[in-house]
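Working through the structure, step by step
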Amino acid sequence: MGAWITPTTAERFRRHLPELVAVLAVVLLLDRTGLVVDQPAWLVPLLLVLGAGVISAAFSRWGAEATDEDLRLRAMVQVAVLTIITYATGWGFALAMVQLFAVADNVKYSGSRAVRPVLAWAVGGLALGQLAVAADLLPSAIDPTASHTIAVFSGLVLVLVGTRIRRMTVAKEEVEAELSGSEARFRSLVQQSSDVIMVIGGAQVTYVSPSVERVMGYREDEVVDRPYLDLVHPDDRQAVVDFVISLMPTPGATGLVEFRLLHADGHWMTVESNCHNLLHDPQVGGFVTTCRDISDRKALESELEHRAFHDALTGLANRALFRDRVEHTLARSTRDIDLTYGVLYVDLDSFKAINDTLGHAVGDGVLNHVADLLRECIRDVDTAARLGGDEFAILLDGMKDQSGAARVASRILEGLKRPVTIRGHEVQVDASIGIAIAEPGQDAETFLRNADIAMYMAKSAGKGTYEIFEPSMHLQVVERLTMEADLQHAVDRGEFVLHYQPIVELTDGTIRGVEALVRWNHPERGMVSPAEFIPLAEETGLIIPMGRWILREACRQVTDWQTRFDTEPPLSVSVNVSMRQFSHGDIVRDVREALEESGLAPGSLTLELTESALVQDTEATIALLHQLKALGVRLAVDDFGTGYSSLAYLQRFPLDVLKIDRSFVEGMVSGAQSPALVRAIVEIGHSLHLETVAEGIEHDEELTQFRALHCSLGQGYLFARPGGQADIEHLIADRARGRADLTVELAVDLPVDESAASPGR
Ligand code: C2E
Ligand code: MG
Ligand code: MG
């Protein structure tokens with residue numbers, strides 16, 4: 001029994017106490033007026049109180065979670081209690097309606113499924129009650145037969161009303177099930193969503209979905225009641241306010257906006273927010289915003305954008321971005337006329353050689369090193385770009401004057417002078433820099449072309465320098481480009497001729513040999529000096545086929561002379577070989593073929609190399625020189641004294657001849673060069689068993705001095721200018737006939753000022 005009287009039982013009993021008291025009062029009143037059957041006065045009140053207790057206990061025992069079985073028991077208890085009480089009053093047949101209480105109570109606890117068991121018990125109880133009345137076991141306030149009729153009617157009404165209640169309850173339950181299903185779905189959507197839903201009323205957040213914790217790292221209560229703009233990036237606040245204001249006048253208006261929101265961990269996340277104006281909706285009274293984190297998408301977008309406008313290797317701006325910046329800057333330059341804008345074109349010298357010899361990884365390292373250096377040399381407002389290959393550019397934005405551009409160029413060239421170690425190789429690169437300063441109203445095309453032209457000029461002026469664009473450069477470049485094209489044709493059309501300059505014994509003027517000097521017989525310009533076209537031929541690589549022709553032609557010519565003029569020793573020929581032929585061509589094969597083809601004795605051929613060609617990549621050079629020596633040819637160092645001052649290498653190379661540069665010869669007489677130095681050179685030649693040739697002897701004094709120094713050979717205008725085949729043949733024939741003058745007048749071989757300056761072999 002103890003299990004039945006629980007705190008819930010008592011509580012339930014207390015809750016129904018007012019109803020109980022009311023019923024008791026009515027029953028006692030009726031009893032007083034004698035309208036109920038004759039019973040002891042305490043019976044009905046006692047049954048009422050006990051019944052209420054039993055019912056409360058039944059409900060607390062079989063509560064809301066009652067199974068169908070429990071439900072039937074509970075209904076039975078309640079219906080039985082009510083039946084007993086109503087029949088105790090003698091009005092049981094009429095009070096069947098009271099069972100609607102049982103229906104209501106049970107529906108409240110267990111829904112529509114409770115209606116049928118209650119009705120079944122109630123009808124059963126009514127039938128039992130009437131049987132008991134008929135058998136005179138229970139009292140009846142009216143005639144028993146009439147009571148049966150009333151009992152049938154009240155049973156019928158009870159069933160009809162009960163069924164109606166059941167149907168209504170079923171319908172309500174269906175709606176509720178539907179609602180709670182959709183609410184559950186909605187709830188889980190809101191919770192699982194990667195979006196954060198907020199309602200913003202006034203300027204505060206009035207609701208935020210639980211997903212805020214996962215997406216933004218806040219607890220819901222940290223966000224609710226907080227001013228919304230608190231979370232928005234200060235730079236984006238105005239845009240957000242403007243956006244909200246734009247939606248304000250139109251109820252139901254929606255729109256998308258992008259801005260940055262503060263994550264709880266302090267970082268800014270970019271969100272895309274869909275905002276819906278529900279200010280007019282009393283349920284909401286604010287803006288409903290759905291914020292989606294698009295930081296990843298933004299990062300990807302900006303990565304893609306970065307790639308589209310930057311060089312993948314160095315991270316510098318690419319050509320497209322550079323061009324764009326230049327255009328913007330030029331547009332701005334028309335407004336800020338006090339400021340100067342400049343472009344630097346930076347082209348690395350001999351980068352290709354690094355790439356070819358040390359490999360692409362080192363090449364890439366060099367490019368990155370240069371990129372870093374450029375970044376160091378400019379200000380934040382400037383732009384450094386890689387235009388492709390080994391070409392870089394800098395845009396200098398708003399300088400006070402153009403000297404700033406020259407300073408940046410010097411700094412870059414200085415920086416490049418410091419060697420760097422890349423993958424274990426010590427590398428040093430030079431660059432040629434062209435500078436252009438923007439002219440008012442200039443277009444980007446011209447501006448950039450000017451920088452390019454200046455760079456071109458810097459390159460041809462000698463590497464490792466910068467040039468500032470001047471209008472005259474344009475013409476020079478055009479000329480140079482025309483010449484480049486002409487030169488290409490000249491090789492194809494065979495416009496080159498060889499002139500020869502005798503090399504004589506200083507003692508008696510005997511012609512020992514000739515030096516072959518190339519000339520370009522230009523269809524319009526006449527004879528062009530090698531100083532004008534050899535550097536270009538070297539740069540373009542045309543020197544390789546050209547040099548091959550020179551070797552063959554010189555060997556052929558001298559073989560011819562040797563057979564026609566029988567001199568003792570036989571006439572020799574010296575041929576100049578460029579650095580480029582030496583490092584990139586197959587010089588050994590070319591020489592061998594020239595000798596084989598002409599039949600010239602190898603000892604009659606001397607190859608002249610400049611110091612700079614010799615000191616490049618010494619080990620490889622020494623190997624190559626030995627291969628040439630193995631063919632039997634002689635080797636000469638040309639223009640000695642103009643390149644590296646170190647004499648150490650002379651011993652390491654298998655050389656035969658030392659040609660002392662013209663500047664020493666000329667300088668010694670004018671006093672600019674100390675005779676002691678020249679003497680030292682001649683003596684070094686002697687000690688290394690090298691034949692010494694004094695180049696560019698023009699005056700008798702020079703001849704006298706070199707004779708005194710025991711320099712064996714000489715070459716110069718004093719003896720003979722370079723001349724064509726016929727001139728030289730006359731000369732040799734004269735000598736053979738015994739004309740002993742040392743000096744011979746030959747037709748001037750080059751009409752223009754023929755500078756003997758070495759064109760940079
Ligand atoms: P280089 O090999 O030192 O040739 C000597 C230069 O000095 C020649 O100039 C010659 O005409 C000039 N010269 C000779 N005697 C005198 C003199 O007394 N006074 C003065 N002022 N000059 C004198 P050229 O022919 O103009 O050649 C210049 C340079 O061009 C040569 O210097 C050589 O480096 C290069 N070169 C000439 N022919 C060839 C060639 O076939 N192949 C290559 N790779 N380079 C060549
Ligand atoms: Mg020479
Ligand atoms: Mg020379």
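Residues numbered from 1 in each chain as written. Chains lettered and ligands numbered in written order. Predicted model: local features only at pLDDT ≥ 70, side-chain atom pairs only at ≥ 80, totals over all residues. Heavy atoms only, no water.

1. Description of the coordination of the magnesium ion (ligand 3)
On the protein side, the magnesium ion (ligand 3) has Asp638 (OD), Asp639 (OD), Glu695 (OE) and Glu695 (OE) as donor atoms, found 1.9 to 2.7 Å from it. For the magnesium ion (ligand 3), the donor residues sit on a single chain with the sequence spacing D-D-x55-E. Here the magnesium ion (ligand 3) and the magnesium ion (ligand 2) are spaced 4.0 Å apart, and both take aspartate 638 as a donor. A single burial state applies to aspartate 638 and to aspartate 639, both of which are buried. (Donors = N, O, S within 2.8 Å, 3.2 Å for Na, K, Ca; no water. Buried < 20%, exposed > 50% of the residue type's maximum accessible area, 1.4 Å probe, protein only.)

2. Some points on the coordination of the magnesium ion (ligand 2)
Protein coordination at the magnesium ion (ligand 2): the donors are Glu515 (OE), Asn576 (OD1), Glu608 (OE) and Asp638 (OD), at 2.0 to 2.2 Å from the metal. Of note, the donors binding the magnesium ion (ligand 2) are all from one chain and are spaced E-x60-N-x31-E-x29-D.

3. As for the nonpolar core
Membership of the largest hydrophobic core comes to 78 residues, with the highest contact counts inside it found for Phe533, Leu605 and Phe706. Residue contributions to this core peak at nine residues, all from helix α19 (residues 543–564). Beyond its immediate stretch of four places on either side in the chain, phenylalanine 533 contacts Met483, Leu487, Phe496, Val518, Arg519, Trp520, Val528 and Met546. With 33 residues, the next largest nonpolar core counts Leu348, Phe351, Leu416 and Ala431 among its residues. (Core = buried A, V, L, I, M, F, W, Y, C linked by side-chain atoms within 4.5 Å. Helix = DSSP H or I, 4+ residues; strand = E, 2+ residues; numbered from the N terminus. Contact = heavy atoms within 4.5 Å.)

4. So, the confidence of the model for the chain
Of the residues in the chain, 94% reach a pLDDT of 70 or more, and the chain-wide mean stands at 88. Predicted confidence is poor over residues 752–757, with pLDDT under 50, and the contacts of this stretch with residues over four places away or in other chains come to nine contacts. (pLDDT = per-residue confidence, 0-100.)

5. Section: the pairing of strand β4 (residues 268–278)
The buried count for β4 comes to eight of 11 residues, which makes it a mostly enclosed element. For strand β3 (residues 254–262) and β4, the ladder comprises nine bridges, and the chain directions are antiparallel. Paired with glycine 255 across the bridge in β4 is cysteine 275. Hairpin connection of β3 to β4: five residues between the antiparallel strands, including glycine 266 at a positive phi of 100°. (Pairing = 2+ DSSP bridges.)

6. Digging into the packing of aromatic side chains
Counting across every chain of the model gives six aromatic pairs. For the ring pair phenylalanine 59 and tyrosine 109, a centre distance of 5.0 Å and an interplane angle of 55° mean the geometry is tilted. Taken together, the residues span a long stretch of sequence, with phenylalanine 59 in helix α3 (residues 43–61) and tyrosine 109 in helix α5 (residues 99–110) at a distance of 50 residues. Overall, the relative accessible area of 22% leaves tyrosine 109 in the partly exposed class. Taking 6.1 Å as the distance between ring centres and 45° as the angle between the ring planes, the aromatic pair formed by phenylalanine 496 and tryptophan 520 counts as tilted. Of the two residues, phenylalanine 496 is situated in strand β13 (residues 496–505) and tryptophan 520 in strand β14 (residues 511–522); the sequence distance between them amounts to 24 residues. Accessibility assignment for this pair places phenylalanine 496 and tryptophan 520 in one class, buried. Among the aromatic residues, those joined into a cluster by ring pairs are Phe496, Trp520 and Phe533. The ring of tyrosine 717 has arginine 721 lying over it, and the distance from NZ or CZ to the ring centre is 4.0 Å. (Phe/Tyr/Trp six-rings, centres within 6.5 Å; stacked < 30°, edge-to-face > 60°. Lys NZ or Arg CZ within 6 Å of the ring centre and 35° of its normal.)

7. Topic: the sheet that holds β4
Reading across the sheet, the five strands line up as β2-β1-β5-β4-β3 and stay open at both edges, with antiparallel pairing between neighbours. Bordering the open sheet on either side are β2 (204–208) and β3, each of which pairs with just one other strand. Along the sheet, successive strands turn relative to each other by an average axial angle of 35°, direction set aside. Sheet analysis places strand β1 (residues 195–201) next to β2, joined by four bridges and oriented antiparallel. The partner of valine 199 across the bridge, within β2, is tyrosine 207. Helix α11 (residues 295–309) contacts β3, β4 and β5 (286–293) of the sheet and is inclined by roughly 120° relative to β4. (Axes fitted to C-alpha atoms, helices over the stretch in contact; angles between N-to-C directions.)

8. Considering the sheet that holds strand β12 (residues 466–468)
If you walk across this open sheet you meet the five strands as β7-β8-β6-β11-β12, and the pairing is mixed. Bordering the open sheet on either side are β7 (383–388) and β12, each of which pairs with just one other strand. The mean inter-strand angle of the sheet, taken between neighbouring strand axes irrespective of direction, is 20°. In the sheet, β7 pairs with strand β8 (residues 391–399) via five bridges, with the strands oriented antiparallel. For threonine 383, the partnering residue across the bridge sits in β8 and is leucine 395. Packed on one face of the sheet, helix α16 (residues 444–460) meets β6 (340–349), β11 (430–437) and β12 and runs near 140° to β11.

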